[in-house]
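# Commentary on secondary and tertiary structure
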Amino acid sequence: MSTRSTARFVRYRVMAHPDGVLHVSATCTHSGCHFVVFPTEKHDEVSQRMREHTARSGHAVFARTIQDTAVVILADRAEQERRAEVNALEYRHLGGADEDGLADTWSVE
C-alpha cells in the first residue's frame, strides 16, 4: 500500500468576525502618568475619559488601541466546499452521528 500526498497552494483571508465587537482602550503617554482606560465596547466613554484627563492634567497625547475579533477563512469557495465534504466523511466514518445522539442521554448528578 502506498501513501499519496498532494501539495497545493491554499489562500486564506483574514477578516473581522461578523459577531465580533470592537473594543477601545487608551493610555496616557505623558512620562510618569498611569492613566488608563481599560478595553470597553463604549467608544464614546473612552473619548470622554480622555477629555476629562486632559482637562485635569494637561496631558493631551494618548496611545489608543482598537481591538477586534478576527477570523481566518479559506479564500477559495471550491476549497471550502471540498474540505467541508472531507470533514463530513471523516465525521461519519468515526461515528460522530452516534456520539451526538449519546450526548443528549448522558446526565451529570
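The notes below deal with the structure included here.

What counts, and at which threshold
- Residues numbered from 1 in each chain as written.
- Predicted model: local features only at pLDDT ≥ 70, side-chain atom pairs only at ≥ 80, totals over all residues.
- Heavy atoms only, no water.
- Helix = DSSP H or I, 4+ residues; strand = E, 2+ residues; numbered from the N terminus.
- Contact = heavy atoms within 4.5 Å.
- Buried < 20%, exposed > 50% of the residue type's maximum accessible area, 1.4 Å probe, protein only.
- Salt bridge = Lys/Arg side-chain N within 4 Å of Asp/Glu carboxyl O.

Take T54: it is sitting in helix α1 (residues 43–57). Other than its neighbours up to four places away in sequence, T54 contacts H59, A60 and F62.

Before going further, it helps to examine the side chain of T40. Topologically, T40 is positioned in strand β3 (residues 36–40). Residue T40 is classed as buried on the basis of its relative accessible area, which comes to 15%. Setting aside residues up to four positions removed in sequence, T40 forms contacts with L22, H23, V24 and V46.

What follows concerns the pattern of salt bridges. Enumeration over the complete set of coordinates arrives at two salt bridges. One salt bridge in this structure joins E81 and R77, with 3.6 Å as the shortest N-O distance. With E81 and R77 both in helix α2 (residues 77–93) and four residues apart, the pair spans about one turn of that helix. R82 is the salt-bridge partner of E79, the closest N and O atoms lying 2.9 Å from each other. Placement of both E79 and R82 in helix α2 is noted, with a separation of three residues, approximately one turn of the helix.

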